[in-house]
Amino acid sequence: MPGSSQTKRSVTVAGHRTSLSLEDIFWEELKAWAAEENLSLNALVSQLDEGRQTNLSSCLRVAVLRRLQDRLAEQEAKAKRLPTA
């Protein structure tokens with residue numbers, strides 16, 4: 001399956017260097033998210049790390065999934081409000 005291979009990367013979280021493995025598709029989404037927020041990848045990961053209650057890789061996967069679910073729900077709501085021809 002495309003995007004399913006894992007890549008290990010080093011990030012800095014709260015001033016500490018750490019390595020984590022995520023599937024390429026999650027790295028792509030995190031980079032796009034960081035760019036949209038005008039943040040570095042390290043800054044976004046640090047924000048998502050605050051208050052986490054699971055391992056960092058799982059935290060990031062869930063955050064990406066929730067963000068995509070929220071965006072889909074917004075698009076669906078917007079489509080329902082559009083007038084029909």
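Bear in mind that the values here come from a model prediction, so they are computed numbers and not experimental data.

This next bit is on the pairing of strand S1 (residues 6-13). Of the pairings in the sheet, the one linking S1 to strand S2 (residues 16-23) comprises eight bridges and is antiparallel in character. Of the residues in S2, the one forming a bridge with Gln-6 is Glu-23. Between S1 and S2, which pair antiparallel one after the other, the connecting turn spans two residues, and Ala-14 there sits at a positive phi close to 55 degrees.

Our focus in this paragraph is the packing of helix H2 (residues 41-49) against helix H3 (residues 56-81). Contact geometry of H2 with H3 gives a least axis separation of 10 Å together with a crossing angle of 100 degrees. In this view, H2 runs roughly perpendicular relative to H3, as classed from their interaxial angle. Residues Val-45, Leu-48 and Asp-49 of H2 form the contact with H3, whose participating residues are Leu-56, Cys-59, Leu-60 and Ala-63. Tallied by class, the residues present in the contact of H2 with H3 amount to six nonpolar, no polar and one charged.

Quick notes on the rules
Residues numbered from 1 in each chain as written. Predicted model: local features only at pLDDT ≥ 70, side-chain atom pairs only at ≥ 80, totals over all residues. Heavy atoms only, no water. Pairing = 2+ DSSP bridges. Helix = DSSP H or I, 4+ residues; strand = E, 2+ residues; numbered from the N terminus. Axes fitted to C-alpha atoms, helices over the stretch in contact; angles between N-to-C directions. Parallel < 35°, antiparallel > 145°, perpendicular 65-115°, else oblique. Contact = heavy atoms within 4.5 Å. Nonpolar A, V, L, I, M, F, W, Y, C, P; charged D, E, K, R; others polar.

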